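A closer look at the structure
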Amino acid sequence: MLVWPRRELFAMPEGIYLDGNSLGLMPLSAHQAVLRRLGEWQTQAVSGWDEWFGLAESLSPALSRLVGAEPREVIATGSITANLHALLATLYRPQGERKHLLATALDFPTDLYAMQSWARLYGAELKVVPSRDGQTIHEDDVRAALGPDIAVVLLPTVLYRSGQLLDVAGLTQLAHQAGALIGWDAAHSIGAMPHDFHGAGADFAVWCSYKYLNAGPGAPGGLFVHQRHHHLAPALSGWWGNDKGSQFEMTAQFRPAPGAAAYQQGTPPVLALAALDGALEVFEHLDLAALRARSLALTDLLIELADQHLLEMRVITPRDHARRGGHVSLLHPEARALSAALRTRGIIPDYRSPDVLRLAPIALYTTEDELCQTVRVLRELLDSGAHRSADVSNPVP
Ligand SMILES: Cc1ncc(COP(=O)(O)O)c(C=O)c1O
């Protein structure tokens, strides 16, 4: 039986790390995997491609388990932004009145920027589901916005500021009943909880690997495209999306690889993929329900501690387990200064403009005691006001 947490699998820095929902800590297996690929480059030079040619595809079984899909429906490639463009270019087909795109007012900016680009290209509009409280999205408002004019919806599985988890299966069904396609941004859920994108019938999904998957800064992200769309050739094709068997025939004719692999475009970043390969070892044989259960136990504890000791900070993360992602967000007008002051005291949270302090207890490596210590230090800061002299000039808060 596994013993939680699994700190021995990670390079644990000094202090308390609560920012794994921004950049996960380095798994020792990722370090090893990169060293191995560097060694191959050193000794084999271009012959290394014999090994690296199918590296991205070799990660699909592990990734598909994490997102609840068939291996052919996923591929490690690109960034969330690039993958959104690639998927929208193919799947967004405005027809007559049904031409607009739908997102929410609380989406991560890059999702909105990507959707706006496609709205502009097609003379359509990006409609946004408003938030009633500025922190969360009410699912009735998504339902209300899903009119006959919407061609495609993109929603976050977990909202990046408040940590609200949306009902993927329910909203996917709603979108389909309304005649729209639906995609999901799983940046804040992959590696934190189980998914079932195939079972839910989602049309597509995108994610990054640098958060809960711990694959390192700028690691290649990934995408899911449901098998019902595999007959479509990707609109933005590149030679790395060609069928492997004929890729090096170098003809002018693009022959898409089977499934999601066709959405690759150029040569993959092998060293970064190596880190993802190594990072995925941590999840091999891991019971994702147990991972989620520990994540919820940690966020339960943090919410309880905040309720008891941090009365001036409002917990904006939903309390209902079915509505909660992997982090806890605390609202305070001085959140930025509190975040900076915690950092100088060896506790790494993060801050999201204008007033949110995000704390992410990671099931794999955060301890209960670290959460108690963090709340104690926050209490001291609020009592003393010492955070008001913290340096808040860092452009990456
Ligand atoms: C929800 C969400 N989407 C997208 C991104 C970033 O996208 P990309 O990987 O293209 O930089 C982030 C980054 O934190 C995010 O939180």
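Residues numbered from 1 in each chain as written. Predicted model: local features only at pLDDT ≥ 70, side-chain atom pairs only at ≥ 80, totals over all residues. Heavy atoms only, no water.

1. Observations regarding the sheet that holds strand β12 (residues 350-352)
To keep things clear, this is the line we draw: The pairing criterion is simple: DSSP has to find at least two bridges between the two strands. Per the convention used, a helix needs a DSSP run of H or I reaching at least four residues, while a strand needs a run of E reaching at least two, with both numbered from the N terminus.
Taking strand neighbours across the sheet as the criterion, the four strands line up as β9-β10-β13-β12 in an open arrangement whose pairing is antiparallel. Unpaired on one side and paired on the other, β9 (314-315) and β12 mark the two borders of the sheet. Sheet topology places β12 next to strand β13 (residues 356-359); three bridges connect them, and they run antiparallel. Looking at β13, one finds that Arg352 is bridged to Val356.

2. Examining the sheet that holds strand β4 (residues 126-129)
To be explicit about the condition: A fitted line through C-alpha atoms serves as each axis, taken over the contacting stretch for helices, and the angle formed by two N-to-C directions is quoted from 0 to 180°. Whether two residues touch is decided by their heavy atoms; if any such pair falls within 4.5 Å, the residues are in contact.
Strand order across the open sheet formed by seven strands is β2-β8-β7-β6-β5-β3-β4, with mixed pairing between neighbours. The open sheet has two edge strands with one neighbour each: β2 (74-76) and β4. The sheet shows a mean angle of 20° between the axes of neighbouring strands, taken without regard to direction. Of the strand pairs in this sheet, strand β7 (residues 204-207) and strand β8 (residues 222-225) are connected by four bridges, and their pairing is antiparallel. From the neighbouring strand, Trp207 faces β8, where its bridge partner is Gly222. This element, helix α8 (residues 168-177), spans β5 (150-156) and β6 (181-185) of the sheet and lies at about 150° to β6.

3. Regarding the pairing of β13
Going by this rule: Remark: exposure states derive from per-residue accessible area (1.4 Å probe, protein chains only) relative to the maximum for the residue type, with buried under 20%, exposed over 50%, and partly exposed in between.
Residues Val356 and Arg358 point to one face of β13 and Leu357 and Leu359 to the other, with burial holding for every one of them. Taken together, the four bridges between strand β10 (residues 328-331) and β13 define a ladder with antiparallel strand orientation. Bridged to Val328 within β13 is Leu359.

4. What to know about the site of the ligand
Worth spelling out the cut-off: A molecule or strand has a residue near it when one of that residue's heavy atoms lies within 4 Å. Polar contacts, as counted here, are pairs of nitrogen or oxygen atoms within 3.5 Å of one another; within protein the pair requires one atom able to donate a hydrogen and one able to accept it, and residues that are adjacent in sequence qualify only if both atoms are side-chain atoms. Under this grouping Gly is polar, as are all residues other than the nonpolar Ala, Val, Leu, Ile, Met, Phe, Trp, Tyr, Cys and Pro and the charged Asp, Glu, Lys and Arg.
With respect to spatial proximity, the complete set of residues near the ligand consists of Ser79, Ile80, Thr81, Phe108, Thr110, Asp111, Asp185, Ala187, His188, Tyr210 and Lys211. Between the ligand and Thr81, the relevant distance is 2.5 Å, taken from an oxygen atom to a side-chain nitrogen or oxygen of the residue. The set of elements that each furnish at least two residues to the shell around the ligand consists of α5 (80-91) and α6 (109-121). Looking at the shell around the ligand, its residues break down into four nonpolar, four polar and three charged.

5. Thoughts on the nonpolar core
Selection criterion: To qualify as a nonpolar core, a set must consist of buried Ala, Val, Leu, Ile, Met, Phe, Trp, Tyr and Cys residues joined through side-chain atoms within 4.5 Å. Domain start and stop points were drawn from an automatic or database domain assignment.
Counting 93 residues, the largest nonpolar core has Leu101, Leu146, Val153, Trp184, Phe197, Trp207 and Leu364 as its most contacted members. For this core, the leading source of residues is α5, giving seven residues. Two domains each donate at least three residues to this core, and these are domain 1 (11-26 + 287-389) and domain 2 (28-281). Counting residues in hydrophobic clusters, the runner-up holds 28 residues, among them Leu298, Ile303, Ala306 and Leu382.

6. Considering the packing of helix α13 (residues 335-344) against helix α14 (residues 368-384)
Here is the rule we go by: Here roughly perpendicular refers to angles of 65 to 115 degrees, roughly parallel to angles under 35, roughly antiparallel to angles over 145, and oblique to all remaining angles. Left-handed describes a crossing whose near helix is turned anticlockwise from the far helix through less than a right angle; right-handed describes the clockwise counterpart.
At a minimum axis distance of 11 Å, the contact between α13 and α14 shows a crossing angle of 120°. Of the possible angle classes, the one that applies to α13 and α14 is oblique. The two elements α13 and α14 meet at a crossing, and its hand is right-handed. For the pair α13 and α14, contact is made by Leu338, Ala341 and Leu342 and by Val377, Leu378, Leu381 and Leu382, respectively.

7. With respect to the packing of aromatic side chains
Geometry of an aromatic ring pair is reported as the spacing of the ring centres plus the angle between the planes. Selection rule: Paired rings are identified among Phe, Tyr and Trp, the last through its six-membered ring, by centres lying within 6.5 Å, and are further divided according to the angle between planes into stacked (under 30 degrees), edge-to-face (over 60) and tilted (the rest). Each ring is checked for a lysine NZ or an arginine CZ that lies within 6 Å of its centre and within 35 degrees of its normal; such an atom marks a charge sitting over the ring.
For the structure shown, the criterion picks out 11 aromatic pairs. Taken together, the ring pairs connect Trp49, Trp52, Phe53, Trp239, Trp240 and Phe248 into an aromatic cluster. In this structure, Lys244 packs its charged tip against the face of Phe53, placed 4.5 Å from the ring centre.

8. Thoughts on the UniProt feature "binding site: pyridoxal 5'-phosphate" (unreviewed entry) in the protein
Selection rule: UniProt positions are given in the numbering used here, feature names are shortened, and annotations may be inferred rather than shown by experiment.
Here, the residues flagged by UniProt with the feature "binding site: pyridoxal 5'-phosphate" (unreviewed entry) are Ile80, Thr81, Phe108, Pro109, Thr110, Asp111, Asp185, His188, Tyr210, Trp239 and Thr267. Of the residues just listed, which span 188 residues, the most distant C-alpha pair is 30.4 Å apart, and they do not cluster in one region. The topology assignment puts Asp185 in strand β6. Turning to its location among the elements, His188 is positioned in the loop between β6 and α9 (197-200). Beyond its immediate sequence surroundings of up to four residues, His188 is in contact with Asn21, Val158, Tyr160, Lys211, Tyr212, His327 and Arg358.

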